[in-house]
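One letter stands for each residue in the lines below.
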Amino acid sequence: MTTVIDGKLVAEDVVATVQKAAELLRAEAGVTPGLAVVIVGEDPASQVYVASKSRKAKDCGFHSVQHTLPAETSQADLLALIAGLNADPEIHGILVQLPLPEQIDSGAVIQAIAPEKDVDGFTYVNVGKLGAGAAETAFVPCTPAGSMVLIERVRGRDLSGLNAVVVGRSNIVGKPMANLLLAANCTVTVAHSRTHDLPALCRTADILVAAVGRPEMIRGDWVKEGATVIDVGINRIPAPEKGEGKQRLVGDVAYAEAERRAGAITPVPGGVGPMTIAMLMANTLVSACRAAGRTPPR
Ligand code: NDP
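Owing to the predicted nature of the structure, the values given are computational and were not obtained by experimental measurement.

1. What about the domain arrangement of the protein?
Once the domains are mapped, the protein shows domain 1 (27-114) and domain 2 (140-274). Between domain 1 and domain 2, the C-alpha centre-to-centre distance is 29 Å.

2. Here's the deal with the packing of helix α6 (residues 142-155) against helix α10 (residues 273-291)
Closest axis-to-axis distance for the α6/α10 pair is 8 Å, and the angle between their directions is 100 degrees. The pairing of α6 with α10 is recorded here as roughly perpendicular in orientation. For the pair formed by α6 and α10, the contact residues are Cys142, Thr143, Ala145, Gly146, Ser147, Val149 and Leu150 on the first element and Met275, Thr276, Ala278, Met279, Leu280 and Asn283 on the second. Its residues assigned to classes, the contact of α6 with α10 comprises 8 nonpolar, 5 polar and no charged.

3. Comments concerning the pairing of strand β8 (residues 228-231)
Judged by which residues are buried, β8 turns out to be covered on both faces: Thr228 and Ile230 on one side and Val229 and Asp231 on the other are all buried. Pairing analysis gives 4 bridges linking strand β7 (residues 207-210) to β8, with the strands arranged parallel. Note that in β8 the partner of Ala210 across the bridge is Asp231. Two elements, β8 and strand β11 (residues 264-265), share 2 bridges in a ladder whose sense is parallel. Opposite Thr228, over in β11, you have Ala264 as the bridge partner.

4. Here's the deal with the site of the ligand
In the vicinity of the ligand lie 25 residues, with Gly168, Ser170, His192, Ser193 and Gly213 positioned nearest. In terms of residue class, the shell around the ligand is made up of 10 nonpolar, 12 polar and 3 charged.

5. A look at the sheet that holds strand β2 (residues 34-40)
With respect to topology, 3 strands assemble into an open sheet ordered β3-β2-β4, the strand pairing being parallel. Edge positions in the open sheet fall to β3 (63-69) and β4 (93-96), since each of these has one partner strand only. For this sheet the average axis-to-axis angle between neighbouring strands, irrespective of direction, equals 15 degrees. In terms of strand pairing, β2 meets β3 through 7 bridges, oriented parallel. Of the residues in β3, the one forming a bridge with Val40 is Leu69.

The rules behind each value
Residues numbered from 1 in each chain as written. Predicted model: local features only at pLDDT ≥ 70, side-chain atom pairs only at ≥ 80, totals over all residues. Domains from an automatic or database assignment. Axes fitted to C-alpha atoms, helices over the stretch in contact; angles between N-to-C directions. Helix = DSSP H or I, 4+ residues; strand = E, 2+ residues; numbered from the N terminus. Parallel < 35°, antiparallel > 145°, perpendicular 65-115°, else oblique. Contact = placed C-beta atoms within 7 Å. Nonpolar A, V, L, I, M, F, W, Y, C, P; charged D, E, K, R; others polar. Buried ≥ 20, exposed ≤ 12 C-beta atoms within 10 Å, placed from the backbone. Pairing = 2+ DSSP bridges. Near = placed C-beta within 6 Å.

Dropping the structure here:
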């Protein structure tokens, strides 16, 4: 029997824990976690993401602030806003929604966020801490952090000696995912577009994480019997069966085929997706706990 990992349910669980811990923090230390979300321009997908992040922060009882700046905002103005948020004691987490307009150097903006408020985990300090095996003191990017929670739900926290293959080496997903699995004592291989014989490599994986951005690229016969399959991919493909011009979401894994061989698998949608926002809330809570000198819940 294959376990279908219900990311929505696990995400609700994470958010409920965050809500309770935030309440306790407010009652005992007088601190309300504060999250500032910054968006520049009018990209519709970004607006949807930002709105749902701000809404979830309010649901968690956080102080939630959204800064919506016009598309022509200069880099200097954005950096000034970040500097203000860095200095604001009511803000514990700062998130700048990407992509930013062309005139702005995204890297410079991200690196301007104070590492202790970098709840996306993209600053070099947090990347370095994770790479150096000090994840407990870092902020880990939300999507791999959420994927790790799902893996732990089905396999427990000690993954010693398991073979993990991560397909994709982006800074946002693949690389931090590999570091998390390494920290959990897996033997980790990171695959990418230049990897030879990817199907054979994937067949060695007890834990297979797909973060490629190619619809259903990973086929069922690439999956080892009983493997845990985490599909990070979110791809929109045409769905003529739903009507003209309609689309549907699929992952990077051919789900129907892979489900027959996997021991556990995340669906798309409803797998990793909901975990990303939940982990953003968890990271913001952790930041507020650290600022209040309290031990964050694990
Ligand atoms: P990137 O485009 O930054 O990285 C994709 C990676 O896949 C690269 O390392 C690339 O290799 C590798 N790759 C591309 N083609 C192949 C191939 N044919 N064989 C092997 N490897 C290949 O993507 P992201 O990491 O940002 O995102 C990956 C997927 O996850 C996307 O579908 C994205 O939408 C989704 N996503 C989902 C999130 C969620 O909340 N669930 C959050 C973030 C992303 P190379 O480096 O050699 O080019």
